Amino acid sequence: MTVSQESKSPSELIDGRITELGDWRGDMLGRLRGLIHQADPDVVETWKWRGVPVWEHDGMICTGETYKSVVKLTFAKGAALPDPTRLFNSSLDGNTRRAIDFQKGEEVNEDAFKALVRAAVALNKSKGRK
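Residues numbered from 1 in each chain as written. Predicted model: local features only at pLDDT ≥ 70, side-chain atom pairs only at ≥ 80, totals over all residues. Heavy atoms only, no water.

Novice: So what exactly am I meant to see when it comes to helix H3 (residues 24-39) here?
Specialist: One turn of an α-helix holds 3.6 residues; hence residues three or four places apart share an orientation. The end-to-end C-alpha distance of H3 is 22 Å, a good match for the 22 Å that 16 residues give at a rise of 1.5 Å each. Within H3, burial applies to Trp 24, Arg 25, Gly 26, Met 28, Leu 29, Leu 32, Arg 33, Leu 35, Ile 36 and Ala 39. The N-terminus of H3 is capped by Asp 23, whose side-chain oxygen sits 2.9 Å from the backbone nitrogen of Arg 25. (Helix = DSSP H or I, 4+ residues; strand = E, 2+ residues; numbered from the N terminus. Expected span 1.5 Å × (residues − 1). Buried < 20%, exposed > 50% of the residue type's maximum accessible area, 1.4 Å probe, protein only. Polar contact = N/O pair within 3.5 Å; in protein donor to acceptor, adjacent residues only side chain to side chain.)

Novice: Which parts of the structure should I look at to understand the sheet that holds strand E3 (residues 60-66)?
Specialist: Where strands meet in a sheet, backbone hydrogen bonds hold them as pairs that are either parallel or antiparallel. Read from one edge of the open sheet, five strands run E1-E2-E3-E4-E5, paired in antiparallel fashion. Edge positions in the sheet fall to strand E1 (44-48) and strand E5 (98-102), since each of these pairs with one other strand and no more. Neighbouring strand axes in the sheet, compared pairwise and without regard to direction, differ in orientation by 25 degrees on average. Pairing between strand E4 (residues 71-75) and E5: five bridges, direction antiparallel. The residue bridging Thr 74 from the neighbouring strand is Ala 99, located in E5. Packing against the sheet, helix H2 (residues 10-21) makes contact with E1, strand E2 (52-56) and E3, and its axis sits at approximately 70 degrees to E1. (Pairing = 2+ DSSP bridges. Axes fitted to C-alpha atoms, helices over the stretch in contact; angles between N-to-C directions. Contact = heavy atoms within 4.5 Å.)

Novice: I keep staring at the environment of Gly 26 and nothing clicks. Help me out?
Specialist: Structurally, Gly 26 is set in helix H3. A relative accessible area of 2% places Gly 26 in the buried class. Sequence spacing of Gly 26 and Gly 16 is 10 residues, and the spatial spacing of their C-alpha atoms is 9.7 Å. In contact with Gly 26, other than residues within four places in its own chain, are Ile 18 and Leu 21.

Novice: Could you clarify how one ought to interpret the packing of H3 against helix H4 (residues 110-127) in this entry?
Specialist: When two helices pack together, their arrangement is given by the angle between the helix axes and the distance between those axes. With their axes 9 Å apart at the nearest point, H3 and H4 run at an angle of 60 degrees to one another. Judged by the inter-axis angle, H3 sits oblique to H4. With respect to the hand of their crossing, H3 and H4 are arranged in right-handed fashion. Judged by residue contacts, Arg 31, Leu 32, Leu 35, Ile 36, Gln 38 and Ala 39 of H3 engage Glu 110, Phe 113, Lys 114, Val 117 and Arg 118 from H4. In terms of residue class, the contact of H3 with H4 is built from six nonpolar, one polar and four charged. (Parallel < 35°, antiparallel > 145°, perpendicular 65-115°, else oblique. Left-handed = near helix turned anticlockwise from the far one by under 90°. Nonpolar A, V, L, I, M, F, W, Y, C, P; charged D, E, K, R; others polar.)

Novice: What exactly am I supposed to notice about unusual backbone geometry here?
Specialist: Backbone phi values are negative for most residues with the exception of glycine, while trans is the configuration of most peptide bonds. Unlike most non-glycine residues, Trp 49 shows phi in positive territory, near 50 degrees. Within the secondary structure, Trp 49 sits in the loop between E1 and E2. Phi at Arg 86 takes a positive value of approximately 60 degrees, unusual for a residue other than glycine. Considering the arrangement of structural elements, one finds Arg 86 in the loop between E4 and E5. By relative accessible area, Arg 86 is classed as exposed at 70%.

Below you can see the structure in the form of structure tokens.
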């Protein structure tokens, strides 16, 4: 991490990641970030593990990782969340986490995605602060 990165807030670091990607992945990450904020205006952005955007509210909601061919949102407690529209399409074998891989040009079911974020927040709140 550079000195200039150390002085930036997590939100500024996420802004920087979106900008530095400079392609569809940055656009997708920015769009998903906006949907997370719409679903939970009280969400807290953090920056962990050498550069992973994380969204939290009474615990971790999800992480936003970017790879060459996908933008991956991993929900920390995804296995416990209702997913009636089957958004989860990755990391389906684990006992706890579930992920959504978004590919270039893919449509986002915004209502279902926001419902998933709200369900994650509700689950975090039901567990109470540790």
